[in-house]
Amino acid sequence: MAKTSNRRKLRLVRHRRLRRNMFGTADRPRLCVFRSNRHFYAQVIDDTKSRTLLSLSTLSPDIQKKLAGTPLERAGQLGTEVAKRVCKTGVEEVVFDRGGHRFHGQVKAFADAAREEGLRF
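Residues numbered from 1 in each chain as written. Predicted model: local features only at pLDDT ≥ 70, side-chain atom pairs only at ≥ 80, totals over all residues. Heavy atoms only, no water.

Asks: Sorry if this is basic, but what is going on with the nonpolar core here?
Replies: Burial of nonpolar side chains together is a common tendency in soluble globular proteins. In this structure, Leu31, Val82, Val86 and Phe110 are the most contacted members of the largest nonpolar core, which totals 22 residues. Looking at this core, the elements with two or more residues in it are β1 (30–35), β2 (40–46), β3 (51–57), α3 (71–88) and α4 (106–116). Counting residues per element, this core draws most heavily on α3, which supplies five residues. With residues near it in sequence (within four places) discarded, Val86 still touches Val44, Leu54, Val91, Val94 and Leu119. (Core = buried A, V, L, I, M, F, W, Y, C linked by side-chain atoms within 4.5 Å. Buried < 20%, exposed > 50% of the residue type's maximum accessible area, 1.4 Å probe, protein only. Helix = DSSP H or I, 4+ residues; strand = E, 2+ residues; numbered from the N terminus. Contact = heavy atoms within 4.5 Å.)

Below, the structure is given as structure tokens:
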């Protein structure tokens, strides 16, 4: 139990350190990701107005039926869907906020899929 608690604390320390210098604007909003053991969440946020422009997760009913496979594959599919919806709004470049998670596994699969759809970080 103590090891898990320590990991969570260290992730939050990394997240706070990253967020000190990361800020989303209307032209270049922040793409924030969070992953739990079962699900993956993504939000596109305009920090100047404190508004969430888009929010999707593996729990979203409109895309939950489209997602299939392992958690890694579902994160990639979610990245594709987020990129498509963000590009429809006219935003082509975002600031990628990995939420203190290391850039590998599901986070990397999400980012690579979003880049393949035309979203720039």
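Asks: When you look at the environment of Arg16 in this model, what are you seeing that I'm missing?
Replies: Looking at the element boundaries, Arg16 is found in helix α1 (residues 2–19). Taking relative accessible area as the criterion, Arg16 reaches 54% and is therefore assigned exposed. Between the alpha carbons of Arg16 and Ser60 there is a distance of 27 Å; along the sequence they are 44 residues apart.

Asks: Even after reading the chapter, I still don't get a positive patch on the surface, so can you show me in this structure?
Replies: A surface patch of like charges, here positive, comprises Lys3, Arg7, Arg35 and Arg102. As for its position among the elements, Arg102 is in the loop between β4 (95–97) and α4. (Patch = residues over 30% accessible without salt bridge, like charges linked within 9 Å, V, L, I, M, F, W, Y side chains within 5 Å. Areas by Shrake-Rupley, 256 points an atom, 1.4 Å probe, with all protein chains shown as cover. Salt bridge = Lys/Arg side-chain N within 4 Å of Asp/Glu carboxyl O. Lys, Arg positive; Asp, Glu negative; His and termini not counted. Charge placed at Lys NZ, Arg CZ, Asp CG, Glu CD.)

Asks: Could you clarify how one ought to interpret the sheet that holds β2 in this entry?
Replies: Pairing between the strands of a sheet comes from backbone hydrogen bonds, and it takes one of two forms, parallel or antiparallel. What the four strands build is an open sheet, ordered β3-β2-β1-β4; its pairing is mixed. The sheet is open, and its two edges are formed by β3 and β4, each paired on a single side. Averaged over all pairs of adjacent strands, the angle between strand axes in this sheet comes to 20°, irrespective of strand direction. With six bridges joining them, β1 and β2 adopt antiparallel strand pairing. Along β2, the bridge assignment pairs Leu31 with Val44. (Pairing = 2+ DSSP bridges. Axes fitted to C-alpha atoms, helices over the stretch in contact; angles between N-to-C directions.)

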